[in-house]
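Analysis of the macromolecular model
One-letter residues, chain by chain:
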Amino acid sequence: KAGVTQTPRYLIKTRGQQVTLSCSPISGHRSVSWYQQTPGQGLQFLFEYFSETQRNKGNFPGRFSGRQFSNSRSEMNVSTLELGDSALYLCASSQGGAGSNYGYTFGSGTRLTVV
Amino acid sequence: AQTVTQSQPEMSVQEAETVTLSCTYDTSENNYYLFWYKQPPSRQMILVIRQEAYKQQNATENRFSVNFQKAAKSFSLKISDSQLGDTAMYFCAFTAYSGAGSYQLTFGKGTKLSVIP
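The rules behind these values
Residues numbered from 1 in each chain as written. Chains lettered and ligands numbered in written order. Predicted model: local features only at pLDDT ≥ 70, side-chain atom pairs only at ≥ 80, totals over all residues. Heavy atoms only, no water. Helix = DSSP H or I, 4+ residues; strand = E, 2+ residues; numbered from the N terminus. Rg over C-alpha atoms; globule rule 2.2 N^0.38 Å. Buried < 20%, exposed > 50% of the residue type's maximum accessible area, 1.4 Å probe, protein only. Contact = heavy atoms within 4.5 Å. Areas by Shrake-Rupley, 256 points an atom, 1.4 Å probe, with all protein chains shown as cover. Lys, Arg positive; Asp, Glu negative; His and termini not counted. Charge placed at Lys NZ, Arg CZ, Asp CG, Glu CD. Core = buried A, V, L, I, M, F, W, Y, C linked by side-chain atoms within 4.5 Å. Buried area = accessible area lost by both parts, 1.4 Å probe. Salt bridge = Lys/Arg side-chain N within 4 Å of Asp/Glu carboxyl O. Polar contact = N/O pair within 3.5 Å; in protein donor to acceptor, adjacent residues only side chain to side chain. Nonpolar A, V, L, I, M, F, W, Y, C, P; charged D, E, K, R; others polar. Pairing = 2+ DSSP bridges. Axes fitted to C-alpha atoms, helices over the stretch in contact; angles between N-to-C directions.

Looking only at helices and strands, chain A features zero helices and 11 strands. Put simply, chain A runs from its N terminus to its C terminus through helices and strands in the order β-β-β-β-β-β-β-β-β-β-β. The C-alpha radius of gyration computed for chain A amounts to 13 Å, which stays within 12% of the reference 13 Å derived for 115 residues, consistent with globular compactness. Along the longest, intermediate and shortest principal axes, the C-alpha atoms of chain A span 40 × 25 × 25 Å. Across the 115 residues that make up chain A, the buried fraction comes to 55%. For chain A, contacts bridging at least 24 residues in sequence account for 54% of all contacts bridging at least 6. Approximately 5,100 Å² of chain A is accessible, and the part contributed by carbon and sulfur atoms is 47%.

Here is the structure:
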């Protein structure tokens, strides 16, 4: 079956702009989580969506937001981009609920560069 | 809050040899799950192995096995018969129930493993 699909693979934006990243989970998976990966901070949890509802959020400013659609696809948005937002953004898909502890399937990520 | 520590930023191993990657964690939870993920240059995080804290038996997946010491909060990964394709960043990760049915992963900083021909 198809894996987790993230688009685009690469993105270059200017400070102050906003950006939207997309994630399509594995078919049947209802939970989508987002992680930010940087050399300095490592992998950090952004938020998780399940059945179109955000049910967990990490310690990131309000400029970072997301949503999930009825087909479980998710988008994350970053407004007023800062240089420090340059990172690899990874999306993880899971069955959700108790099934989440069986592991998460990740996409290949979107590499965002802010100049 | 949970923390995950990987004390070896980089390691190398000869092809066909065995290598062990270390991971310790800190938590007050009793029920949790531990994972090792591999991230090759392609960037995709790949699940290598998982361990449920309530299971005493160490998990094994082909050439990969773990040594889970719950009292010591230690979760090391052993790779046997190392292959060139094992070259990657390896991340130890922890998850426990976060409320409202949610789980989130807490990752260590990673260990860069190089397999030398």
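Once you've had a look at it, read on.
With that settled, consider the overall build of chain B. Assigned secondary structure in chain B consists of zero helices and 12 strands. Going residue by residue from the N terminus, the α and β elements of chain B occur as β-β-β-β-β-β-β-β-β-β-β-β. Relative to the 2.2 N^0.38 estimate, which gives 13 Å for 117 residues, the radius of gyration of chain B is 14 Å and therefore close to what a compact globule would have. Along the first, second and third principal axes, the C-alpha set of chain B runs to 45 × 30 × 25 Å. Classification of the 117 residues of chain B by burial places 50% in the buried group. Excluding contacts between residues fewer than 6 apart, the proportion of contacts in chain B whose partners are at least 24 apart in sequence is 54%. Computed over 10 positive and 9 negative side-chain charges, the separation of the two mean positions in chain B equals 5 Å.

Moving on to the nonpolar core. Tyr25(B), Tyr32(B), Trp36(B), Phe75(B), Leu77(B) and Tyr90(B) are the most contacted members of the largest nonpolar core, which totals 26 residues. Residue assignment for this core shows that the elements contributing at least two residues are strand E3 (19-21), strand E5 (33-39), strand E6 (46-52), strand E8 (64-69), strand E9 (74-79), strand E10 (88-97) and strand E12 (111-116) of chain B. Counting residues per element, this core draws most heavily on E10(B), at five residues. If we ignore the near neighbours within four places in the chain, the residues touching Tyr32(B) are Tyr25(B), Thr27(B), Gln51(B), Glu52(B), Ala53(B), Phe68(B), Lys70(B), Phe94(B), Thr95(B) and Ala96(B). Of all hydrophobic cores here, the second largest spans 21 residues; its members include Ile26(A), Phe60(A), Met76(A) and Val78(A).

What follows is about the interface of chain B and chain A. Every contact between the two is made by 22 residues of chain B and, on the other side, 27 residues of chain A. Interface area, chain B with chain A, both sides summed: about 2,000 Å², of which 48% is carbon and sulfur. At the boundary of chain B with chain A, the tally comes to zero salt bridges. Counting the contacts that link chain B with chain A gives 10 residue pairs in polar contact (both at pLDDT 80 or more). For the side of chain B that touches chain A, the secondary-structure elements that each account for two or more residues are E5, E6, E10 and strand E11 (103-107) of chain B. For the side of chain B that touches chain A, a count of residues per class yields 10 nonpolar, eight polar and four charged.

This part covers the sheet that holds strand E1 (residues 5-7) of chain A. All names here are of chain A. Read from one edge to the other, the open sheet built from four strands follows the order E1-E3-E8-E7, with strand pairing classed as antiparallel. A single partner strand is all that each edge strand has here, and the edge strands are E1 and strand E7 (64-68). Shown here is a sheet whose adjacent strand axes are inclined to one another by a mean of 20 degrees, direction ignored. The sheet contact formed by E7 and strand E8 (residues 74-78) spans five bridges and is antiparallel. From the neighbouring strand, Ser65 faces E8, where its bridge partner is Asn77.

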